[in-house]
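Residue-level structure breakdown
One-letter residues, chain by chain:
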Amino acid sequence: MDSIYREQFWNISRVWLFYVLAGLALAVFAFGVADRVAVWKTGFKARRIGFSAAGIRRLIIDGLLGARIIKGDLTAGIIHLMIFWGFLGLFLGTLSSAVDHYVVSWLRGNVYLAFSRMMEVCGAALIIGTAAVLLRRYLIRVPRLERRGEDLIIPAWLITIAVTGFLVKSARLAATQPAWGEASSFVGPALTGIFSSPLQAQDVHVYLWWGHALLSLGLIAYLPFSKLFHALAAPANIYVQTQPRQFVSVEDRSTLVGEFSQDQILFSQACTRCGRCTDVCPACLAGEPFSPRNFVAAGKTDATLKGRLINRVSFLKKWAVKRLSETPAISPGLSWYCTTCRACLEVCPIYAAPLDLVREVRIRILEDGRSAPPLVTRALENLLKYSNPWESSKKKRDKWMGDLTIPDLTRNVRAEWCYFVGCTTSIDLRAQEIARAFSRILIHTGVSFGTLGKKETCCGDIARCLGEEGLFETLGEDTLALFQKHEITRVVTSSPHCFHTFKNEYPLFQESLPEESRVDFSVSHYSRILAGLSRAGRLSFSQTLNLTVTYHDPCYLGRHNGIYDEPRQVIQAIPGVTLKEMIHYGPDSLCCGGGGGRMWQELSSETKISEVRIREAAATGADVVITACPYCLIMLEDARKTAGLEDSIKVLDLNELVLLALGLADRPSERPR
Ligand code: SF4
Ligand code: SF4
């Protein structure tokens, strides 16, 4: 039997030309990557990058095994894995052949036969996966998928490379006719019949080989300039997004050169325009003129306009600018549509965070003195003046208490918990019911608690969401000073927004403060306290309610902080209550439309996000939709009326439901006068 191996460059003359072209392709590739890195470097640092086991784990699970892509769309996930593994396998195979040729001969005998067949499996996976991409995009026409030039060119290019690879191999086998030919290939022997003679196969082989080589080298050169760049940027972003965030203070910002942070630029570069974010975005579902995919793409355009190496070469710059003009730059006004609900980040296969980009753009709008929506400006002015966005005097902050007697922790009283009521819960008439209900439950169950009374400040969440960083810092410092003065160490909040700010934003913010201004405190949301009381048997429900309810997950409790079970545990512990889930629930929940500062905006849209949500709630047939956030309560209560569902469904806060079950509801004397 002939010796079993593949001779590199068999039948190929002028191999030097191949080396020249390969060198050229690699040089263009390196330039393209350097160009992308140069853009990335224009960003400022908002994360500390270092070794992270969690990052490596995520890279393996989401990058190599595609768990994240499969999770949202099994078909797309399988297709992606076929292309990814097929491509990677062929790439590693080419490297192995090079090692075999230049370094150490190891692809011989049975090892070569197994290698050869493995390469065919990879090639077949690439062809099938890429054909499926074209099928979904152009025949099935999956709505979220776009049909731009590149979306056709790249799959067609990949298929042609794989097909010519098979043809080159079959031509070689047909020409050389080795005894082990069939053992080295699934497909080759079947294709050898297309050649009329070994001599013809040898002639054709040369053209096929050069065609295959040119297509492959061309793709390598084109990769950094195309959407295929995500093959490099996406793994980098998946890793980077596990790294700890860093607080960028207003003072830091005054020295920053770039408009975006490095991780924002990175995820813009890694975005594949898959449209999963747009599919789940409440603003898109309500028909508003905003799309997270387009916003991220525009972010890339904006960042790419500066810092490119390409800009140094005038004809390349002209080409690049023309190409970029195909994607519109960021339209800052659209940033106000985002509710910061995090649904996009939840489904994005590469962990892009459009909401981060949105906040960055809002910061720039306010910093540059460009016009913000009038209600936003007013809310911020109110925050500055009254320490709440509702234009309510500080003296009225504790009016919600009515006849309730609640210890004031600012008067030398000590309690286990500081109940941080929050601006909206303290002031909005409907939301005040949350504070009264929760306080009565705590009193009823003997939990030691107090409030900060009239002295309570705004935690700063609204300022941060709206992009007013300086105000956030001021309000944060005021709140911490209050906690420090009154030795507050355990806080429970009504609002998931205050909870999120204390839990996730304050630790970063405190790092920017001098040691003596920092406060060590823990924070909980009331749903956790209720769940704890329920588990401890301290909520003795005297009423059987005979109600069917559905639960609306507030975005800042659920997606932002992973609290899905506790509110449901409380609901399910109540006698006579049946819980029915909506079509969107848990991590897939749909926003009420009130987050991200949208409580203070009137944006044009055909349908309100809150109406979409209340209709989903009504569709379950539930008597009541329960929620655990003052914004959600107000938005859904309002939507119930505007959507004409007043007689179909009621809206209650979780505390109100618990109060009903405890038999303590409806004591008007305790309401504020
Ligand atoms: S941001 Fe993420 S989900 Fe949205 S289009 Fe880009 S890759 Fe897809
Ligand atoms: S955070 Fe929510 S509203 Fe904002 S872009 Fe993402 S999905 Fe849309």
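Located above this text is the structure these notes cover.
Every value quoted in this text rests on a predicted model; they were computed, and no experiment measured them.

Pairing of strand β1 (residues 417-420) with strand β3 (residues 490-493), which is carried by three bridges, proceeds in the parallel orientation. For Cys418, the partnering residue across the bridge sits in β3 and is Val491. In terms of strand pairing, β3 meets strand β4 (residues 522-525) through four bridges, oriented parallel. Considered in β4, the bridge of Arg490 is made with Ser522. Between the parallel pair β3 and β4, the chain is carried across by helix α23 (residues 496-511), and the sense of this crossover is right-handed.

The subject of this paragraph is the packing of aromatic side chains. Counting across every chain of the model gives 27 aromatic pairs. When the ring of Trp157 is compared with that of Tyr222, the centres are 5.4 Å apart and the planes differ by 15°; the resulting orientation is stacked. In this pair, Trp157 is assigned in helix α6 (residues 149-176) and Tyr222 in helix α8 (residues 198-222), connecting sequence segments 65 residues apart. The exposure class assigned to Tyr222 is partly exposed, which follows from its relative accessible area of 23%. Aromatic pair Phe483 and Phe521: ring centres 5.0 Å apart, planes at 75°, arrangement edge-to-face. Note that Phe483 is positioned in helix α22 (residues 469-485) and Phe521 in the loop between α23 and β4, a separation of 38 residues in sequence. One aromatic cluster is present, formed by Phe247, Phe420, Phe472, Phe483, Phe502, Tyr506, Phe509 and Phe521 through successive ring pairs. Cation over ring: Arg117 sits above Phe186, and NZ or CZ is 4.3 Å from the ring centre. Here the basic side chain of Arg464 rests over the ring of Phe472, its NZ or CZ set 5.1 Å away from the ring centre.

So, on to empty space enclosed by the protein. For the coordinates displayed, the defined rule picks out six cavities of 30 Å³ or more. Its volume calculated, the largest cavity comes out at about 120 Å³. Taken together, 17 residues line the largest cavity, and the ones lying closest to its centre are Cys271, Cys274, Cys277, Cys348 and Ala352. Those elements giving two or more residues to the lining of the largest cavity turn out to be α12 (276-280), α14 (292-304) and α16 (343-347). Broken down by element, the residue count for the lining of the largest cavity peaks at three residues, all from α14. Tallied by class, the residues present in the lining of the largest cavity amount to 12 nonpolar, two polar and three charged.

What follows is about the state of the cysteines. By the definition in use, this model includes zero disulfides. Cys284 forms no disulfide, and the closest cysteine sulfur to it belongs to Cys281, at a distance of 3.9 Å.

Attention now goes to the nonpolar core. General note: in soluble globular proteins, nonpolar side chains tend to be found buried as a group. If you look at the biggest cluster of nonpolar residues, it comprises 136 residues, and the most contacted ones within it are Phe483, Phe502, Phe521, Ile571, Ile614, Ile626 and Val658. The leading source of residues in this core is helix α27 (residues 630-642), at seven residues. When sequence neighbours within four positions are dropped, the list of residues in contact with Phe521 reads Leu480, Phe483, Ile488, Thr489, Val491, Phe502, Tyr506 and Gln510. Ala22, Ala175, Phe195 and Ala221 belong to the second largest nonpolar core, which has 19 residues in total.

Once that is clear, we can look at the sheet that holds β4. The strand order across the open sheet built from four strands is β2-β1-β3-β4, with neighbouring strands paired in parallel fashion. Both outer strands of the open sheet, β2 (449-450) and β4, are each paired with one neighbouring strand and no more. Here helix α20 (residues 432-445) sits on the sheet and contacts β1, β2 and β3; the angle it forms with β1, its principal contact strand, is near 165°. Running at roughly 75° to β4, helix α24 (residues 526-535) makes contact with β1, β3 and β4 of the sheet.

Moving on, we get to the site of ligand 1. Around ligand 1, the neighbouring residues are Cys271, Thr272, Arg273, Cys274, Gly275, Arg276, Cys277, Arg293, Cys348, Pro349, Ile350 and Ala352. When each cavity is represented as a set of grid points, ligand 1 is found to reside in the largest cavity. Classifying every residue of the shell around ligand 1 gives seven nonpolar, two polar and three charged.

Turning to the pattern of salt bridges, a few remarks are in order. On inspection of all chains with the given rule, the structure shows 37 salt bridges. A salt bridge links Glu469 to Arg359; the shortest N-O distance between them is 2.8 Å. Note that Glu469 is positioned in helix α22 and Arg359 in helix α17 (residues 354-367), a separation of 110 residues in sequence. For the pair formed by Glu469 and Arg359, the shared burial category is buried. Among the salt bridges present, the one from Lys454 reaches Asp398, with a minimum N-O distance of 3.2 Å. Here Lys454 is found in the loop between β2 and α21 (461-466), whereas its partner Asp398 is found in the loop between α18 (374-386) and β1, with 56 residues between them in sequence. If you follow the salt bridges from partner to partner, you end up with Arg137, Glu146, Arg148, Glu150, Asp151, Lys227, Arg273 and Arg293 in one network.

Now for the layout of surface pockets. Counted as a void, the second largest pocket has a volume near 1100 Å³. Lining the second largest pocket are 43 residues, with Arg47, Arg245, Asp356, His500 and Glu505 positioned closest to its centre. When residues of the lining of the second largest pocket are traced back to their parent elements, those giving at least two are α2 (53-64), α11 (262-270), α16, α17, α21 and α23. The greatest single-element share of the lining of the second largest pocket, amounting to seven residues, is contributed by α23. Its residues assigned to classes, the lining of the second largest pocket comprises 14 nonpolar, 12 polar and 17 charged.

This part takes up the site of ligand 2. Taken together, Cys281, Pro282, Phe290, Pro292, Cys338, Thr339, Thr340, Cys341, Arg342, Ala343, Cys344 and Leu355 form the complete shell of residues around ligand 2. Here the residues of the shell around ligand 2 are counted per class, giving nine nonpolar, two polar and one charged.

We now examine unusual backbone geometry. A positive phi angle, close to 50°, is found at Arg14, a residue other than glycine. Considering the arrangement of structural elements, one finds Arg14 in the segment before α1 (15-41). Owing to a relative accessible area of 56%, Arg14 belongs among the exposed residues under this scheme. Positive phi, close to 55°, is recorded for Asn412, a residue that is not glycine. Its location among the elements puts Asn412 in the loop between α18 and β1.

Each value, and the rule that gives it
Residues numbered from 1 in each chain as written. Chains lettered and ligands numbered in written order. Predicted model: local features only at pLDDT ≥ 70, side-chain atom pairs only at ≥ 80, totals over all residues. Heavy atoms only, no water. Pairing = 2+ DSSP bridges. Helix = DSSP H or I, 4+ residues; strand = E, 2+ residues; numbered from the N terminus. Right-handed = clockwise from strand over helix to strand, strands pointing away. Phe/Tyr/Trp six-rings, centres within 6.5 Å; stacked < 30°, edge-to-face > 60°. Buried < 20%, exposed > 50% of the residue type's maximum accessible area, 1.4 Å probe, protein only. Lys NZ or Arg CZ within 6 Å of the ring centre and 35° of its normal. 1 Å grid on protein atoms, 1.4 Å probe; cavity = no way out; pocket = protein on both sides within 12 Å on 5 of 7 lines; lining within 4 Å. Points joined across faces, edges and corners; volume = space filled by probe spheres on them. Nonpolar A, V, L, I, M, F, W, Y, C, P; charged D, E, K, R; others polar. Disulfide = S-S within 2.5 Å. Core = buried A, V, L, I, M, F, W, Y, C linked by side-chain atoms within 4.5 Å. Contact = heavy atoms within 4.5 Å. Axes fitted to C-alpha atoms, helices over the stretch in contact; angles between N-to-C directions. Near = heavy atom within 4 Å. Sits in = over half its atoms within 2 Å of the grid points. Salt bridge = Lys/Arg side-chain N within 4 Å of Asp/Glu carboxyl O.

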